[in-house]
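# Understanding the architecture of this molecule
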Amino acid sequence: MIRRRPASLDELPGRDFTYSNPGTAGREPRRGYRHISLVEAIGLGDVSFNKASEALLGLEMHRRAGLAVSSSAIPVSVGANVLLELPVTGFHIQAPCRIVYVINDRHANGFAYGTLSGHPESGEEEFVVTRDLDNRVWFSIRAFSRPSSRLLRLAEPLSHLAQRAMTLRYLSALRSIANSP
């Protein structure tokens, strides 16, 4: 939603998800939604894995991708509310979300958040950093989404381009973090 006055993190606990069955981004294709799936190598070794994992779970990746980020928990945890904002000349495009699951083990770290009322899209996005047996570090993003209102459906081609651009910004930010000295 585009607003002159940004919503605050305190307003999010009472908001509902904009879709049914939260917690399925990585497991269940959704009919009627646009799907994104990206898997890219971003580094090599324990240091890269640890840096990428910390930046992901601490939402630093989102900040480095150009978003203002507020969260009720850092590192993220299930049920935490997240308010993402993209400032655009006098306005803030806001994306309120809630963390629906967290992955945290020796070889994979990540989370998924679902959209809350007030978000321009309806759906879920999963971000995961993994390492394979060769100690290569991988980053994956899986999402399903669609515009949250009839008005926004008119601009769906633009929202699809914006989501794809944001996905590439996330990838670039996390790759940079994973390979920083």
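Located above this text is the structure these notes cover.
Everything quoted here is computed from the prediction, not taken from an experiment.

### Description of the overall build of the protein
- Each helix and strand in the protein was counted, giving 4 helices and 8 strands.
- For the protein, the N- to C-terminal ordering of α and β elements is β-β-α-α-β-β-β-β-β-β-α-α.
- Residue burial in the protein is summarised as follows: out of 181 residues, 48% are buried.
- Within the protein, contacts between residues at least 6 apart in sequence are counted, and of these 60% link residues at least 24 apart.
- Of the accessible surface of the protein, which amounts to about 9,200 Å², a share of 56% is contributed by carbon and sulfur atoms.

### Thoughts on the packing of aromatic side chains
- One pass over the structure, following the stated rule, counts 7 aromatic pairs.
- Geometrically, the ring pair formed by F111 and F127 is tilted, given 5.4 Å between the ring centres and 45° between the ring planes. In this pair, F111 is assigned in strand β6 (residues 108-115) and F127 in strand β7 (residues 121-131), connecting sequence segments 16 residues apart. Assigned by exposure class, F111 and F127 land together as buried.
- Connected via pairs of aromatic rings, a cluster forms that spans F17, Y19, Y33 and F144.
- One Lys or Arg, R98, reaches over the ring of F17 and ends 5.3 Å from the middle of that ring.

### What to know about the pattern of salt bridges
- Summed over all chains, the structure comprises 9 salt bridges.
- Put simply, E40 and R175 hold a salt bridge, and the shortest N to O gap is 3.6 Å. Residue E40 is located in strand β2 (residues 34-44), and its partner R175 is located in helix α4 (residues 156-178); the two are separated by 135 residues in the primary sequence.
- The class for R175 is partly exposed, based on a relative accessible area of 30%.
- Here D46 ties to R131 by a salt bridge, and the two come within 2.7 Å at their closest N and O atoms. Residue D46 is located in helix α1 (residues 46-57), and its partner R131 is located in strand β7; the two are separated by 85 residues in the primary sequence.
- When salt bridges that share partners are traced, they join E60, R63 and R64 into one network.

### A few points about the environment of I177
- Turning to its location among the elements, I177 is positioned in helix α4.
- Accessibility expressed as a relative area gives 6% for I177, which makes it buried.
- Linking I177 and E54, residues 123 residues apart in sequence, is a C-alpha distance of 9.7 Å.
- In this view, I177 contacts K51, A55, E60, M61 and R64; residues no more than four positions away in its chain are not counted.

### Some points on unusual backbone geometry
- For the bond running from I74 to P75, omega is -5°, close enough to zero to count as cis.
- Mapping P75 onto the fold places it in the loop between β3 (68-71) and β4 (81-88).
- In this model, L59 sits at a positive phi of 65°, which is unusual for a non-glycine residue.
- With respect to the element layout, L59 can be found in the loop between α1 and α2 (60-64).
- L59 gets classed as buried once you look at its relative accessible area, which sits at 0%.

### Remarks on α1
- For α1, built from 12 residues, the straight-helix expectation of 16 Å at 1.5 Å per residue is met to within 8% by its first-to-last C-alpha distance of 16 Å.
- Buried within α1 are the following residues: S48, F49, A52, S53, A55, L56 and L57.
- Positioned one or two residues after α1, L59 has a phi angle of 65°, which is positive.

What counts, and where the lines are drawn
- Residues numbered from 1 in each chain as written.
- Predicted model: local features only at pLDDT ≥ 70, side-chain atom pairs only at ≥ 80, totals over all residues.
- Heavy atoms only, no water.
- Helix = DSSP H or I, 4+ residues; strand = E, 2+ residues; numbered from the N terminus.
- Buried < 20%, exposed > 50% of the residue type's maximum accessible area, 1.4 Å probe, protein only.
- Contact = heavy atoms within 4.5 Å.
- Areas by Shrake-Rupley, 256 points an atom, 1.4 Å probe, with all protein chains shown as cover.
- Phe/Tyr/Trp six-rings, centres within 6.5 Å; stacked < 30°, edge-to-face > 60°.
- Lys NZ or Arg CZ within 6 Å of the ring centre and 35° of its normal.
- Salt bridge = Lys/Arg side-chain N within 4 Å of Asp/Glu carboxyl O.
- Expected span 1.5 Å × (residues − 1).

Honestly, that's just the spatial picture; any functional story needs more than this.
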